[in-house]
Amino acid sequence: MEKKKDPYMQEAYDMLEQMSADERKRLEYEAREKAIRDYNTQMYSARKQGITDIILLR
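Read on for an overview of the structure.

Analysis parameters
Residues numbered from 1 in each chain as written. Predicted model: local features only at pLDDT ≥ 70, side-chain atom pairs only at ≥ 80, totals over all residues. Heavy atoms only, no water. Helix = DSSP H or I, 4+ residues; strand = E, 2+ residues; numbered from the N terminus. Rg over C-alpha atoms; globule rule 2.2 N^0.38 Å. Buried < 20%, exposed > 50% of the residue type's maximum accessible area, 1.4 Å probe, protein only. Areas by Shrake-Rupley, 256 points an atom, 1.4 Å probe, with all protein chains shown as cover. Salt bridge = Lys/Arg side-chain N within 4 Å of Asp/Glu carboxyl O.

The next point concerns the overall build of the protein chain. Along the protein chain, the regular secondary structure elements total two helices and zero strands. The C-alpha atoms of the protein chain give a radius of gyration of 19 Å, which is well past the 10 Å a tight globule of 58 residues would have. Seen through its principal axes, the protein chain has C-alpha atoms that stretch 60 × 30 × 10 Å. Every one of the 58 residues in the protein chain was classed for burial, and the buried ones make up 2%. By element, 58% of the accessible surface of the protein chain is carried by carbon and sulfur atoms, the whole surface being about 5,700 Å².

What follows is about the environment of Ala-31. Secondary-structure assignment places Ala-31 in helix H2 (residues 23-57). As a C-alpha pair, Ala-31 and Ser-20 span eleven residues in sequence and 14 Å in three-dimensional space.

Under the criterion given, the structure shown has four salt bridges. For the salt bridge of Arg-24 with Glu-28, the shortest nitrogen-to-oxygen distance reads 3.3 Å. Of this pair, Arg-24 and Glu-28 both sit in helix H2, four residues apart, which is roughly one turn of the helix. We classify Arg-24 as exposed; its relative accessible area is 63%. Among the residues examined, Glu-28 registers a relative accessible area of 37% and is labelled partly exposed.

What follows is the structure, given as structure tokens:
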């Protein structure tokens, strides 16, 4: 699918291009993405630990 044919893809591409051009915005975006990944990893680990604790208590 060409980006020119899909207006949503074109808009996303334009936003990405604009963010990439601005160093500060790019760094903010990367920091935000890292925070989200870290949070998801912590939640996964906590859930995994909780399941392990439940199994051990049986």
